[in-house]
Amino acid sequence: MNDTHKLVNDLSEQVSRLVKDELRLARLELAEKGKRAGFGAGLFGAAGVAAFFGGATLVAAVVMLLALVLPGWAAAAIVAAVLFVAAALLGLIGKNEVKQAGPPVPQETIASVKADFDMVKERVRR
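Residues numbered from 1 in each chain as written. Predicted model: local features only at pLDDT ≥ 70, side-chain atom pairs only at ≥ 80, totals over all residues. Heavy atoms only, no water.

(A) Focus on the pattern of salt bridges. Considering all chains together, one arrives at three salt bridges under this definition. As a salt-bridge pair, E29 and K33 come within 3.7 Å of each other at their nearest N and O atoms. Residue E29 and its partner K33 are located together in helix α1 (residues 2-66), separated by four residues, close to a single helical turn. You can call K33 partly exposed: its relative accessible area is 39%. (Salt bridge = Lys/Arg side-chain N within 4 Å of Asp/Glu carboxyl O. Helix = DSSP H or I, 4+ residues; strand = E, 2+ residues; numbered from the N terminus. Buried < 20%, exposed > 50% of the residue type's maximum accessible area, 1.4 Å probe, protein only.)

Next up, the structure:
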């Protein structure tokens, strides 16, 4: 009877330690993913600013080109309309992509925890 009690205590301690270790692993995994995502987002932001200024210059050039054959206000209105349509299409595509991405989940940790619990269940059955 004493051996069973000791085994149950040992199992309880090991499961507790295992859960703590898995939680620590999940925190580390999410922190690493967060750092990479933050750095990538910063680079996307910088690329966006550069693209914005390049695009603004190109838009001005297109307006000036159209102004050679149309009044300036008409050239600007045509270019603005095309840009609004492009923005709407890009926004819809982006929304769909974000929706399909799903929530960020520590997949490696979840798989590890499942494997650990399966192993514990198997040992308890023996």
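That shown, we press on.
(B) Local environment of a nonpolar patch on the surface. Together, L65, L68, V69, L70, I78 and V82 line one region of the surface with nonpolar side chains, adding up to about 610 Å² of accessible area. Examined against the element boundaries, L70 turns out to sit in the loop between α1 and α2 (72-101). (Patch = residues over 30% accessible without salt bridge, like charges linked within 9 Å, V, L, I, M, F, W, Y side chains within 5 Å. Areas by Shrake-Rupley, 256 points an atom, 1.4 Å probe, with all protein chains shown as cover.)

(C) Region of interest: the side chain of E29. Note on E29: relative accessible area 11%, which makes it buried. Once residues within four sequence positions are removed from consideration, E29 is found in contact with P106, Q107, E108 and T109. (Contact = heavy atoms within 4.5 Å.)

(D) Quick peek at α2. In a regular helix each residue adds 1.5 Å, so 30 residues correspond to 44 Å; α2 covers 43 Å between its end C-alpha atoms and thus fits that length. A74, A75 and V79 are the residues of α2 that are buried. On the buried face of α2, the contacting elements are α1. (Expected span 1.5 Å × (residues − 1).)

(E) Expanded view of the layout of surface pockets. Each pocket or cavity is described by its volume, and for the largest pocket that value is around 300 Å³. Around the largest pocket, the lining comprises 10 residues; the ones closest to its centre are L11, Q14, V15, V120 and R123. Of all the elements in the fold, those that place two or more residues in the lining of the largest pocket are α1 and α3 (107-125). For the lining of the largest pocket, the element with the highest residue contribution is α1, accounting for six residues. Its residues placed into classes, the lining of the largest pocket shows seven nonpolar, one polar and two charged. (1 Å grid on protein atoms, 1.4 Å probe; cavity = no way out; pocket = protein on both sides within 12 Å on 5 of 7 lines; lining within 4 Å. Points joined across faces, edges and corners; volume = space filled by probe spheres on them. Nonpolar A, V, L, I, M, F, W, Y, C, P; charged D, E, K, R; others polar.)

(F) Looking closely at the environment of A47. Its location among the elements puts A47 in helix α1. Overall, A47 belongs to the partly exposed group, its relative accessible area being 43%. On a C-alpha basis, the gap between A47 and V19 in space is 42 Å, while along the polypeptide they are 28 residues apart.

(G) Representation of the environment of L70 within the structure. L70 sits in the partly exposed class, given a relative accessible area of 31%. The contacts of L70, once residues within four sequence positions are left out, are A75 and I78.

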